[in-house]
Amino acid sequence: MASSVASYSPICLRVEASLAPRLAWLSRGQPLVIDWFASRRCAVTLGDLTVGFRSVRSASDYAELEPIDDVRVFAERRLLDLLATGAEVKVGGSVFGHHLALVIDHPERWLEFLEHHPGNRR
């Protein structure tokens with residue numbers, strides 16, 4: 001992880017009650033990083049939010065949010081307005097496996113976000 005962070009935001013994410021006591025153990029000392037991807041084909045943009053424990057690629061692309069207990073939280077800077085409207089970290093998945101998921105309070109804001117950022121991002 002980069003040693004410095006370009007910015008800080010006082011955004012505080014909620015955590016699903018069943019996940020909260022396990023979050024620090026699951027992190028294994030890694031920060032929780034919220035990012036996104038998008039793909040544009042035939043004038044349509046599809047995308048999703050990603051959340052997981054990993055290193056921050058480039059400190060200038062991310063902002064540090066309020067920690068969740070002892071777990072540091074980073075988010076890609078362009079997501080800050082979206083996250084400020086409310087979001088919760090949950091356990092998602094199916095019978096084939098579980099993963100962390102981010103549920104935003106106003107999903108229509110995600111569609112607006114994609115309209116304003118229509119390019120590809122991996």
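Structure first, text after, so check above.
From a predicted model like this one, the values you see are computed outputs, not experimental measurements.

A. Looking closely at the overall build of the protein chain. Looking only at helices and strands, the protein chain features 3 helices and 8 strands. Expressed as a percentage of its 122 residues, the buried residues of the protein chain come to 39%. Taking the intrachain contacts of the protein chain between residues at least 6 apart in sequence as the baseline, contacts between residues at least 24 apart amount to 61%.

B. Looking closely at helix H3 (residues 108-116). Listed as buried for H3 are Trp-110, Phe-113 and Leu-114. Viewed end-on, H3 has its buried residues packed into an arc of 95°, placing them on one side of the element. Exposed residues on H3 whose side chains face more than 90 degrees from its buried face are Leu-111, Glu-115 and His-116.

C. Representation of the environment of Ile-11 in the model. Relative to the elements of secondary structure, Ile-11 occurs in the loop between strand S1 (7-8) and strand S2 (14-15). A sequence separation of 72 residues divides Ile-11 from Leu-83, and the C-alpha atoms of the two residues are 7.2 Å apart. Apart from residues lying up to four places away in sequence, Ile-11 is in contact with Leu-65, Glu-66, Leu-80, Leu-83 and Ala-84.

Calculation notes
- Residues numbered from 1 in each chain as written.
- Predicted model: local features only at pLDDT ≥ 70, side-chain atom pairs only at ≥ 80, totals over all residues.
- Heavy atoms only, no water.
- Helix = DSSP H or I, 4+ residues; strand = E, 2+ residues; numbered from the N terminus.
- Buried < 20%, exposed > 50% of the residue type's maximum accessible area, 1.4 Å probe, protein only.
- Contact = heavy atoms within 4.5 Å.
- Arc of directions from axis to C-beta.

On their own, these measurements won't tell you what the molecule is for.
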